[in-house]
Amino acid sequence: MNHQRNEPAGTPVGRRVLLSTLGLGAAGLIAAPHIQSGLDSFLGAVSSQDPTGLSGLLPNGGGFRYYSVTGSVPHKDAGNYRLKIDGLVDRPATYTLDALRKLPQTRVVRDVQCVTGWRVPHTPFTGVKVSQLLDAAGVHPDAKAIRFTCFDGTYTESLTLQQARRADVLVALTMQDKPIGHAHGGPVRLYVAPMYFYKSAKWLSGISVTSDVRPGYWEERGYDVDGWVGRSNGRDDAPTV
């Protein structure tokens, strides 16, 4: 699951009907626990080849929903994953997956709230605080924001420098106490605990320190840049903080 969006105004009825049909079909499958693991694998495979995003409306057993804004996403693992830190810093760096695992780890347990309304309660994420990586890189005095890029080649996100330095903003390596799988944005994703889940970019590959906030993928399509749960996007969900 990730990066869900609200139904845009004027969405054709045919698409809404199709989404309802998909949802009913998934509900029937999920009712059989013994086939759930197979369903998860199936949805992950479908979503990675789904340019429409319709498969993102199908929930898996953990309550999350798969979503990608591209037709396909390359797989990365310990052998080829890299996270690049650059921009307005004194010491640009590139981290492998093993290097990230060796850094001090922080575990955060919060509800995950999607801007479309669904919530997964008490979800643990573990990883490296973004603030740790920023401190190691040496942020310039005139820096004001962070731009996050992803190895799907399309998705971007942004935070102010103050937001990125929160203790509950992580470069996440595990979700629900397991390594983050590809369909959920692995092996490394951003996790911004107090904001709607579209801010927690999947397939994280770059952290660039900038002089100003640059709207991300969904912000360019109408979402709030400051995506605080319960205080943005016209929603009144209970905060996750």
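The numbering scheme is per chain: residues are counted from 1 as the chain's sequence reads. Restriction of local features to residues with pLDDT of at least 70 applies here, the model being predicted, together with a cutoff of 80 or more for giving and counting side-chain atom pairs; totals for whole chains, interfaces and linings are based on all residues. Note that the side-chain values use all heavy atoms of the structure and ignore hydrogens as well as water.

**Student:** Mind laying out the confidence of the model for the chain, listing which residues take part and the relevant values?
**Tutor:** Values of pLDDT, the confidence the predictor places in each residue, fall between 0 and 100. In this model, the chain carries a mean pLDDT of 81, and residues with pLDDT of at least 70 account for 71%. Counting interchain partners and residues more than four positions distant, the pLDDT-below-50 stretch residues 1-40 has 68 contacts. The contact criterion used throughout is that any non-hydrogen atoms of two residues lie within 4.5 Å. Of the regions scoring below 50 in pLDDT, residues 46-59 engages in 40 contacts with residues more than four places distant in sequence or in other chains.

**Student:** Describe the pattern of salt bridges, with residues and values.
**Tutor:** A pairing counts as a salt bridge when a side-chain nitrogen of Lys or Arg comes within 4 Å of a carboxyl oxygen of Asp or Glu. For the structure on display, the rule yields 12 salt bridges. A salt bridge links Glu157 to Lys199; the nearest nitrogen and oxygen atoms lie 2.8 Å apart. Of the two residues, Glu157 is situated in strand β6 (residues 156-160) and Lys199 in the loop between β9 (189-192) and β10 (204-210); the sequence distance between them amounts to 42 residues. Using a 1.4 Å probe on the protein chains alone, a residue whose accessible area is under 20% of its type maximum counts as buried, one over 50% counts as exposed, and one in between counts as partly exposed. On the accessibility criterion, Lys199 (1% relative accessible area) is buried. Salt bridges here are not isolated pairs; linked through shared partners, they connect Arg110, Arg166 and Asp168. Going along the chain from the N terminus, every DSSP run of H or I of four or more residues is numbered as a helix, and every run of E of two or more is numbered as a strand.

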